[in-house]
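Coordinate inspection notes
Listed below are the residues making up each chain.
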Amino acid sequence: GDQVEQSPSALSLHEGTGSALRCNFTTTMRAVQWFQQNSRGSLINLFYLASGTKENGRLKSTFNSKESYSTLHIRDAQLEDSGTYFCAAEQGGSAKLIFGEGTKLTVSS
Amino acid sequence: GGIITQTPKFLIGQEGQKLTLKCQQNFNHDTMYWYRQDSGKGLRLIYYSITENDLQKGDLSEGYDASREKKSSFSLTVTSAQKNEMAVFLCASRTISNERLFFGHGTKLSVL
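In this text, all values refer to a predicted model and were calculated from it rather than measured experimentally. (Residues numbered from 1 in each chain as written. Chains lettered and ligands numbered in written order. Predicted model: local features only at pLDDT ≥ 70, side-chain atom pairs only at ≥ 80, totals over all residues. Heavy atoms only, no water.)

1. Some thoughts on the layout of surface pockets
In this structure, the largest pocket occupies an estimated 740 Å³ of space. Taken together, 29 residues make up the lining of the largest pocket; nearest its centre are Gln 37 and Gly 41 of chain A together with Gln 37, Gly 40 and Val 88 of chain B. Of all the secondary structure elements, the ones that give two or more residues to the lining of the largest pocket are strand 9 (83-90) and strand 11 (103-108) of chain A together with strand 9 (86-94) and strand 11 (107-111) of chain B. Considering only residue class, the lining of the largest pocket consists of six nonpolar, 16 polar and seven charged. (1 Å grid on protein atoms, 1.4 Å probe; cavity = no way out; pocket = protein on both sides within 12 Å on 5 of 7 lines; lining within 4 Å. Points joined across faces, edges and corners; volume = space filled by probe spheres on them. Helix = DSSP H or I, 4+ residues; strand = E, 2+ residues; numbered from the N terminus. Nonpolar A, V, L, I, M, F, W, Y, C, P; charged D, E, K, R; others polar.)

Okay, here's the thing in structure tokens:
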């Protein structure tokens, strides 16, 4: 079965608002990464976490390996935040990275 | 800094044709990956390589071959292109300590 379950599949935000994206894992994962795929299809690495919380500007991500989930919080959303957000996770002892199905975020004015 | 270059950017093939996609990185990364992305979908792992001359199958390896000729390059072969197949193939790399993954811009495949 799918090891990385991402939700929601789609999200609409007005500029200036915020929300959270989530990934649940069906097995214990060693680390998680979050990516944004823009309208041109380019994948940008936002965060790599082996544990805890990281913050970068209006984005904050948390990884709880014991409870098998990770979140990506977006605050004060801007139009350029639109795109598809993916999480990817790996098990200990493996270089195999498995991606979720993505969350398509649309930010409108 | 560095860059991952995928060639060609666009590839049009015929049904049954063998097609090769190339990927070069100048990050000096150890581990390289090939993913397939269908329109509106997530990324599925085809092959990955932990170091030069290593090859590991992903979940979607059937119908593909891969070759890690040297540390900086990783090629993918579609052994027999399927009619109406359309997808983007993404190459990625990272260090052996397995941290942040970086992607190329992709090769868009269309099969007539």
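2. Regarding the sheet that holds strand 3 (residues 19-25) of chain A
All names here are of chain A. Strand order in this open sheet of five strands is 1-3-8-7-6, and the pairing throughout is antiparallel. Strand pairing shows two members of the sheet lacking a second neighbour, strand 1 (4-7) and strand 6 (52-56), which therefore form its edges. Within the sheet, the average angular offset between the axes of one strand and its neighbour, ignoring direction, is 15°. (Pairing = 2+ DSSP bridges. Axes fitted to C-alpha atoms, helices over the stretch in contact; angles between N-to-C directions.)

3. Focus: unusual backbone geometry
Generally, phi is negative for residues other than glycine and the peptide bonds are trans, each holding for most cases. A cis geometry characterises the amide bond from Ser 7 of chain A onward to Pro 8 of chain A, with omega recorded as -10°. A cis amide bond, omega -5°, links Thr 7 of chain B with the succeeding residue Pro 8 of chain B. With respect to the secondary-structure elements, Pro 8 of chain B resides in the loop between strand 1 (4-7) and strand 2 (10-13). Phi is positive for Asn 28 of chain B, close to 65°, though the residue is something other than glycine. Within the element layout of this structure, Asn 28 of chain B appears in the loop between strand 3 (19-25) and strand 4 (31-37). The backbone of Asn 53 of chain B sits at a positive phi, close to 75°, despite the residue not being glycine. Within the secondary structure, Asn 53 of chain B is located in the loop between strand 5 (43-49) and strand 6 (56-57).

4. Thoughts on the side chain of Asp 38 of chain B
Residues and elements named next belong to chain B. Note that Asp 38 resides in the loop between strand 4 and strand 5. At 2.9 Å, the side chain of Asp 38 forms a polar contact with the side chain of Arg 36. Side-chain polar atoms of Asp 38 contact the side chain of Arg 44, separated by 2.7 Å. Setting aside anything within four residues of it in sequence, one finds Asp 38 in contact with Arg 44, Met 86 and Ala 87. (Polar contact = N/O pair within 3.5 Å; in protein donor to acceptor, adjacent residues only side chain to side chain. Contact = heavy atoms within 4.5 Å.)

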